[in-house]
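Notes for the structure review
Each chain, written out:
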Amino acid sequence: MKTNRPLAPETLAAQALGFIDPENGALVPPIHSATTFERPPGGIVGPGYNYTRTDNPTYAQVEALLARLEGGAEALVLASGMSAVTAPFLALGPGDHVVVQDVLYWGVRAWLNDFATHWGLKVQYVSAGDLDALRGAMRPGETKLVWVETPANPLWNVVDIAAAAEIAHAAGARLAVDSTVATPVLTRPLEHGADLVMHSATKFLNGHSDVLAGALITARDDEFWQRIRMVRKDLGMVIGPHEAWLLLRGMRTLHIRVRKACENALAIAEAMQAHPKITHVLYPGLPDHPGHVVARRQMQGGFSGMLSIRVAGGKEAALETMRRMAVFTSATSLGGTESLAEHRRSTEGPDSPVPDDLIRLAVGIEATEDLIEDLTQALDF
């Protein structure tokens, strides 16, 4: 039975946009492992599927769901989060000026400082959330892209998306938002004026630590979006059909996973604020977080499953806390069902701007009391 009532995002995700196979009634889409597809009579390349490096039917349902959840015109799935990050920059030209916030996922900064600048992009960093600095960095006619991440890994700075979009557009630039941590459950950047949304789909979107994937969603299908499509095709940044199928499967539980992770993270943040061995708790859901007011405005239903704690005693105390954890697993990544902890300074190296007393916590969906007890006992030394 069909309904005329608009369906909630939770329903759309859980039912994969209501997919039913027209041939056999299956509720789960098939995996199309084919790399090539028959062309129309005469062999002329036309609309439809031609070659998997361009497109594949397995991508279609997950891309349609992503576009719907984000309120975008179209979406693309890519081979990894870094593929999704780099594609918009590679759609620009040598000599173009881009403005990027200074604290963000370290892999993005490393790529920009190495490949992107060597290739010819002019990269300028500004303090995350400092709108005056962003405004001052803009070069009208020359700045082509502003890249922000909110909340930003691993200090969880919050950027006012609507204000950043206004500043970018006034200078003739596009605003791209890495919304990996917020997910469309909590924030829909396009509704705040962003032009592009990026996700490391490896993380919360898939949610089971078994898929490497990235995603881009655009507010409009324009020439720049077509250039991004071309970059994905020509550089072979395509996801495998099996990974696309797993990503869609993971997204069916996106809303309940993200909400439980948010509940756990907030409870942990509040508990750790009172712990004598914790000097700082970095979490946008806490009233004393500098980005809390903006976060409350643009994040609906929670403040993410990510937080960081700073341990009294510096690096050695932080590492000892890590060694003593039993429920949290020491591992890279985030957004899975399991809770992870990581000493980011050790991962990122000596050039990292991250304090060496900081532990990043990627909170999963376990029992809240188990997670708080684990951190409490780990700090008891």
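Data block above holds the structure.
Residues numbered from 1 in each chain as written. Predicted model: local features only at pLDDT ≥ 70, side-chain atom pairs only at ≥ 80, totals over all residues. Heavy atoms only, no water.

Focus on the environment of Ala173
Tracing the chain through its elements places Ala173 in the loop between helix H6 (161-170) and strand E5 (174-178). In this structure Ala173 comes out as buried when scored by relative accessible area, which is 4%. Note: C-alpha distance between Ala173 and Leu145 (28 residues apart in sequence) is 5.2 Å. The contact partners of Ala173, leaving out residues within four places of it in the chain, are Met138, Thr143, Lys144, Leu145, Val146, Ala168 and Asp195. (Helix = DSSP H or I, 4+ residues; strand = E, 2+ residues; numbered from the N terminus. Buried < 20%, exposed > 50% of the residue type's maximum accessible area, 1.4 Å probe, protein only. Contact = heavy atoms within 4.5 Å.)

Remarks on the sheet that holds strand E8 (residues 278-282)
With mixed pairing, five strands are arranged side by side in an open sheet as E8-E9-E12-E11-E10. For this open sheet the edge positions go to E8 and strand E10 (329-330), each flanked by a neighbour on one side alone. Contacts from helix H12 (residues 314-324) reach strand E9 (306-311), E10, strand E11 (340-342) and strand E12 (358-362), with the element oriented near 125° to E9. (Pairing = 2+ DSSP bridges. Axes fitted to C-alpha atoms, helices over the stretch in contact; angles between N-to-C directions.)

Concerning the nonpolar core
Core analysis: the biggest nonpolar cluster contains 89 residues, and Leu175, Leu307 and Leu361 have the highest contact counts within it. Ranked by the residues each element gives to this core, the list is headed by helix H10 (residues 254-273), at eight residues. Beyond its immediate stretch of four places on either side in the chain, Leu361 contacts Ile268, Gly305, Met306, Leu307, Ile309, Met325, Phe328, Leu340, Ala341 and Leu375. Counting residues in hydrophobic clusters, the runner-up holds 28 residues, among them Val98, Ala116, Leu145 and Val231. (Core = buried A, V, L, I, M, F, W, Y, C linked by side-chain atoms within 4.5 Å.)

A short note on a nonpolar patch on the surface
Taken together, the side chains of Ile20, Leu27 and Val28 present a nonpolar region at the surface, about 290 Å² in accessible area. Mapping Ile20 onto the fold places it in the loop between helix H1 (9-14) and helix H2 (57-70). (Patch = residues over 30% accessible without salt bridge, like charges linked within 9 Å, V, L, I, M, F, W, Y side chains within 5 Å. Areas by Shrake-Rupley, 256 points an atom, 1.4 Å probe, with all protein chains shown as cover. Salt bridge = Lys/Arg side-chain N within 4 Å of Asp/Glu carboxyl O.)

Some points on the packing of H10 against helix H14 (residues 368-378)
H14 packs onto H10 with a crossing angle of 35° between their chain directions and a minimal axis gap of 10 Å. For the pair H10 and H14, the sense of crossing is right-handed. In this structure, H10 uses Lys260, Asn264, Ala267, Ile268, Ala271 and Met272 to contact H14, whose residues at the interface are Thr368, Leu371, Ile372, Leu375 and Thr376. Looking at the contact of H10 with H14, its residues break down into seven nonpolar, three polar and one charged. (Left-handed = near helix turned anticlockwise from the far one by under 90°. Nonpolar A, V, L, I, M, F, W, Y, C, P; charged D, E, K, R; others polar.)

Details of the side chain of Arg257
Tracing the chain through its elements places Arg257 in helix H10. With no salt bridge to any partner, buried Arg257 finds its closest opposite charge in Asp210, at an N-O distance of 9.2 Å. Polar contacts involving the side chain of Arg257 include one to the main-chain carbonyl oxygen of Phe204, which spans 2.9 Å. A distance of 2.9 Å separates polar atoms of two side chains, one belonging to Arg257 and the other to Thr253. For Arg257, the residues in contact, after removing those within four places along its chain, are Phe204, Leu205, Asn206, Gly207, His208, Gly250, Met251, Gly335, Thr337 and Ile365. (Lys, Arg positive; Asp, Glu negative; His and termini not counted. Polar contact = N/O pair within 3.5 Å; in protein donor to acceptor, adjacent residues only side chain to side chain.)

Some thoughts on unusual backbone geometry
Look at the link from Thr150 to Pro151: it is a cis peptide, with omega at -15°. Here Pro151 shows up in the loop between strand E4 (143-149) and H6. Along the chain, Asn153 connects to Pro154 via a cis peptide bond; the corresponding omega equals 0°. Phi at Ala16 is positive, roughly 50°, even though this residue is not glycine. Within the secondary structure layout, Ala16 lies in the loop between H1 and H2. Residue Ala16 is classed as buried on the basis of its relative accessible area of 0%. With a phi close to 65°, Leu17 is a non-glycine residue in the positive phi region. Following the sequence through the fold, Leu17 ends up in the loop between H1 and H2. Among the residues examined, Leu17 registers a relative accessible area of 25% and is labelled partly exposed.

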